[in-house]
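Tertiary structure, described
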Amino acid sequence: MNTQATLTAHFGYKLVDWYQSNSRDLPWRRTRDPYPIWLSEVILQQTRVVQGRPYYERFMQAFPDIHALAAASEKEVLALWQGLGYYSRARNMHATARTIVLEYGGKFPASYRELIGLRGVGDYTASAIASFAFDEQTPVVDGNVFRVLSRYYGIFEDIANPASRNLFKKAAAMAMPPGQAATFNQAIMEFGALQCTPVSPLCPSCPVNSTCYAFRHEAQSMLPVKNKKTQVKERHIHYVVLCRNGSIAMKERTGKDIWEGLFDFLEVEAGAAPDWPAVLPEDLARFSPTPVSGPAKHLLTHRRLLISFSMLELPETVSLPAELQWYTPGEIKELPKPLPINRFLKDFL
Ligand code: SF4
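Residues numbered from 1 in each chain as written. Predicted model: local features only at pLDDT ≥ 70, side-chain atom pairs only at ≥ 80, totals over all residues. Heavy atoms only, no water.

- The protein chain is annotated in an unreviewed UniProt entry as Adenine DNA glycosylase from Ravibacter arvi.
- The UniProt entry for the protein chain carries the following comment under Sequence similarities (unreviewed entry): "Belongs to the Nth/MutY family." (UniProt positions renumbered as here; feature names shortened; annotations may be inferred.)

**Examining the UniProt feature "domain: HhH-GPD" (unreviewed entry) in the protein chain**
- UniProt tags residues 43–194 as "domain: HhH-GPD" (unreviewed entry).
- A helix fraction of 66% and a strand fraction of 0% characterise residues 43–194, whose end C-alpha atoms lie 19 Å from each other. (Helix = DSSP H or I, 4+ residues; strand = E, 2+ residues; numbered from the N terminus.)

**Digging into a nonpolar patch on the surface**
- A contiguous nonpolar surface patch, about 240 Å² in accessible area, is contributed by Val292, Phe348 and Leu349.
- Looking at where Val292 falls in the secondary structure, it is placed in strand E5 (residues 290–299).
- With relative accessibility at 32%, the residue Val292 sits in the partly exposed group. (Patch = residues over 30% accessible without salt bridge, like charges linked within 9 Å, V, L, I, M, F, W, Y side chains within 5 Å. Areas by Shrake-Rupley, 256 points an atom, 1.4 Å probe, with all protein chains shown as cover. Salt bridge = Lys/Arg side-chain N within 4 Å of Asp/Glu carboxyl O. Buried < 20%, exposed > 50% of the residue type's maximum accessible area, 1.4 Å probe, protein only.)

**Details of the packing of helix H9 (residues 143–153) against helix H10 (residues 164–175)**
- Here H9 crosses H10 at 75°, and the two axes come no closer than 10 Å. Taken as axis vectors, H9 and H10 run roughly perpendicular relative to one another. Residue-level inspection shows Phe146, Leu149, Ser150 and Tyr153 of H9 in contact with H10, the latter providing Arg165, Phe168, Ala171, Ala172 and Ala175.
- Taken together, the residues that form the contact of H9 with H10 break down as seven nonpolar, one polar and one charged. (Axes fitted to C-alpha atoms, helices over the stretch in contact; angles between N-to-C directions. Parallel < 35°, antiparallel > 145°, perpendicular 65-115°, else oblique. Contact = heavy atoms within 4.5 Å. Nonpolar A, V, L, I, M, F, W, Y, C, P; charged D, E, K, R; others polar.)

**Observations regarding helix H11 (residues 181–194)**
- Over its 14 residues, H11 runs 20 Å from end to end, which matches the ideal 20 Å to within 8%, given 1.5 Å per residue.
- Of all 14 residues making up H11, 11 are buried, and the element is well covered by its neighbours.
- If you check which residues of H11 are buried, you get Ala181, Ala182, Phe184, Asn185, Gln186, Ala187, Ile188, Met189, Glu190, Phe191 and Gly192. (Expected span 1.5 Å × (residues − 1).)

**Side note on helix H5 (residues 74–81)**
- Residues of H5 that are buried include every one of Val77, Leu78, Leu80 and Trp81, and no others. Angular distribution of buried residues about the axis of H5 spans 160°; they occupy a single face of the element.
- Gly83 occupies a position one or two residues after H5 and carries a positive phi of about 100°. (Arc of directions from axis to C-beta.)

Encoded structure:
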């Protein structure tokens, strides 16, 4: 074995050793069943373990297996997903559950190659399921893995460049001890989450510090390199909460915009201060909604939303715009809604 290969194998075994005594006991790690593994991975792409765990538990309780998830309505799935954001992930997950039931008889495909063909399953998720559930020697690469590998090996490739992924996958594959794909993949991600953290990594107690490039060159804060800046668009959203006799008018969001399939209020997209007569639907143009909150900032992956809420008690004589419908507070509770709408309802109603 040459020096580089020895160093690489040493790194892999050290991580596995570290994992045996430092890993967190998480429910999806106690199983080889691909369904909970997949569910946890989809949720954890959206949030951290602490916030994601209650979501995982609620999903497992409501839909204990792939058949139950496939049989659920989209509304039920989105309602449980509320607060995680990026709702297309939940819709893809639901569609994939149906595909697995209808086309694979309810059994997950057992290889990376087949898994990656499923809707919403990318390189990371396919590798995670293939290794954790089926022991395939395929490395996972997520944000934690990019960080650990770039620091340990001194890899200065830009991780925002899609072409870099293969390089990192090769580095991970070389470090993976034979026959230990599942443990090694868990280990390197856990190591990134707990030891080699983005800020202030725990280098003095790190089991691989003597051979770590970043530690020896004090380059921890320079790695990983990430150059691409995502363009953030700003949108001013003004919600007009129409009320009548204790009911509230809501609509389902359709089209390829944010929060598709979730419910919100009458919405006007205008500048910071809307000219109500000009922007409200014709039948409502003579009213002046009463401002109640906002603008509050809400960040999505590529958007900065500035959201304000106004209220308007709508007289019986005025009809509701076609896309809206009256809902009682009890009915509203059951509807899937974006986080800012849930917050508003909690604070003001
Ligand atoms: S020495 Fe520090 S930078 Fe290097 S792998 Fe360990 S924790 Fe990460």
